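Take a look at the letters that make up each chain.
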Amino acid sequence: MGRSICIGSRESRLAVIQTEMVMEHIKNNHPEIEVQMLTMKTTGDIILDKTLDKIGGKGLFVKELDKALLDRRSDMSVHSLKDMPMEVPDELPIVAYSKREDPRDVLVLPKGAAQWDSSLPIGCSSLRRILQMKEIFPNAQFKTVRGNVLTRLKKLDDGEYSALLLAAAGLKRLGLEERISRYFEPEEMMPAAGQGILAIQGRAGEDYGFLKDYADEQAGYAAEAERAFVRELNGGCSSPVAAHAVVKEGKITLIGLYYDEESNTYLKGSKVETVSNAAKAGAALARELREQYRKEGN
């Protein structure tokens, strides 16, 4: 008798595609395992008229999926790592990280538009993106946009916004790469911690050995460093911290953005470490930037 596994996913098209990618991998590499999907709306998908920090932050996208895991209605959940809270409950550990998709942020224009119309606002709900975008386009105006990627694109194409700021990874997974009009390199627009990586969450004490050939070691090191940086600064959804790590030949190069809410200013810094110290490097860079900020008398 083969094993049967149920994977929990949000209902959005992107979430379902991401879960299907994991299912496909399991089916191809472990045909003895039967895989099915359980989709659900999360609180974060339902409350769309308020920004996330006003209604409880990132946890809203995982609460219902966590409950399904605990109730044993599902055996694992697939999340975009950047949507996961920095603190993960011990009983529901992350059991695998996917290979990283393009981590960059991008600018998307309305269908058929060749250039950005500065008379309309740019749709963006992330203070992290807005702060950095203002350095690139000082005169840009911004307006909150919520909802899944397809909902946002419809609002853009209906003329509500001049452009959208989105993650390249989501558009590429949705097969909408042709909508991207400009990529921002991580040095000019630092991505959210974990952007482009999928996290698989399971139940403590269970065997997820079948994910061994799915888990990407480099993405795991990058995730550890980036999340440790944000955790050290207590960065939830409302605080625009950012971190991005590149792993190469046993070394990890991490860049981080520290933001001070009172003065509305930020600092960027970087650190190189061996991969075995990924998490330590993240926490150390966060402390260094905070210290540097205080030293400069801000």
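Conventions adopted
- Residues numbered from 1 in each chain as written.
- Predicted model: local features only at pLDDT ≥ 70, side-chain atom pairs only at ≥ 80, totals over all residues.
- Heavy atoms only, no water.
- Salt bridge = Lys/Arg side-chain N within 4 Å of Asp/Glu carboxyl O.
- Helix = DSSP H or I, 4+ residues; strand = E, 2+ residues; numbered from the N terminus.
- Expected span 1.5 Å × (residues − 1).
- Buried < 20%, exposed > 50% of the residue type's maximum accessible area, 1.4 Å probe, protein only.
- Pairing = 2+ DSSP bridges.
- Axes fitted to C-alpha atoms, helices over the stretch in contact; angles between N-to-C directions.
- Contact = heavy atoms within 4.5 Å.
- Phe/Tyr/Trp six-rings, centres within 6.5 Å; stacked < 30°, edge-to-face > 60°.
- Lys NZ or Arg CZ within 6 Å of the ring centre and 35° of its normal.

Things to note about the pattern of salt bridges
At step 1: Applying the stated rule across the entire model yields 20 salt bridges.
At step 2: When the shortest N-O distance is used, the salt bridge between Glu 288 and Lys 271 registers 2.7 Å. Taken together, the positions of Glu 288 in helix H9 (residues 278–295) and Lys 271 in strand S13 (residues 265–274) put the pair 17 residues apart, joining distant regions of the chain.
At step 3: Here the salt bridges share partners, and the residues they tie into one network are Asp 102, Arg 104, Lys 172, Glu 177 and Glu 185.

Comments concerning helix H1 (residues 13–29)
An α-helix turns once per 3.6 residues; consequently, residues spaced three or four apart project the same way.
At step 1: If you check H1, its first and last C-alpha atoms are 24 Å apart, about what 17 residues at 1.5 Å a residue would give, namely 24 Å.
At step 2: Every buried residue of H1 is listed here: Leu 14, Ala 15, Val 16, Ile 17, Gln 18, Thr 19, Val 22, Met 23, His 25 and Ile 26.

A few points about the sheet that holds strand S3 (residues 76–80)
At step 1: The five strands are arranged S2-S1-S3-S10-S4 in an open sheet whose pairing can be described as mixed. Among the strands making up the open sheet, the edge pair consists of strand S2 (34–40) and strand S4 (94–97). On average, each strand axis in the sheet is tilted by 30° relative to the strand beside it, whichever way the strands run.
At step 2: In this structure, strand S1 (residues 4–10) lies alongside S2, joined through seven bridges in parallel fashion. Counterpart to Cys 6 in the pairing with S2 is Gln 36.

Here's the deal with the environment of Cys 124
At step 1: With respect to the helices and strands, Cys 124 occurs in the loop between strand S6 (122–123) and helix H5 (127–136).
At step 2: According to the relative accessible area criterion, Cys 124 is buried, its value standing at 3%.
At step 3: Separated by 39 residues in the primary sequence, Cys 124 and Ala 163 have C-alpha atoms spaced 8.9 Å apart.
At step 4: Look past the residues within four positions of Cys 124 in its chain and what remains in contact with it is Arg 129, Ile 130, Phe 142, Lys 143, Thr 144, Val 145 and Leu 165.

Section: unusual backbone geometry
Residues apart from glycine generally show negative phi values, whereas peptide bonds are mostly found in trans.
At step 1: For Arg 72, which is not glycine, the phi dihedral falls at a positive 65°.
At step 2: Here Arg 72 shows up in the loop between helix H4 (63–70) and S3.
At step 3: Classification of Arg 72 as exposed rests on a relative accessible area of 55%.
At step 4: Look at Glu 249: it is not a glycine, yet its phi comes out positive at around 50°.
At step 5: The residue Glu 249 is located in the loop between strand S11 (242–248) and strand S12 (251–260) in this model.

Remarks on the packing of aromatic side chains
At step 1: The tally for this structure, following the rule as stated, stands at three aromatic pairs.
At step 2: Centroid distance Trp 116 to Phe 137: 4.8 Å. Interplanar angle 45°. Geometry classified as tilted. Note that Trp 116 is positioned in the loop between strand S5 (105–108) and S6 and Phe 137 in the loop between H5 and strand S7 (142–143), a separation of 21 residues in sequence.
At step 3: Positioned above the aromatic ring of Tyr 161, the side-chain terminus of Lys 143 is 5.2 Å from the ring centre.

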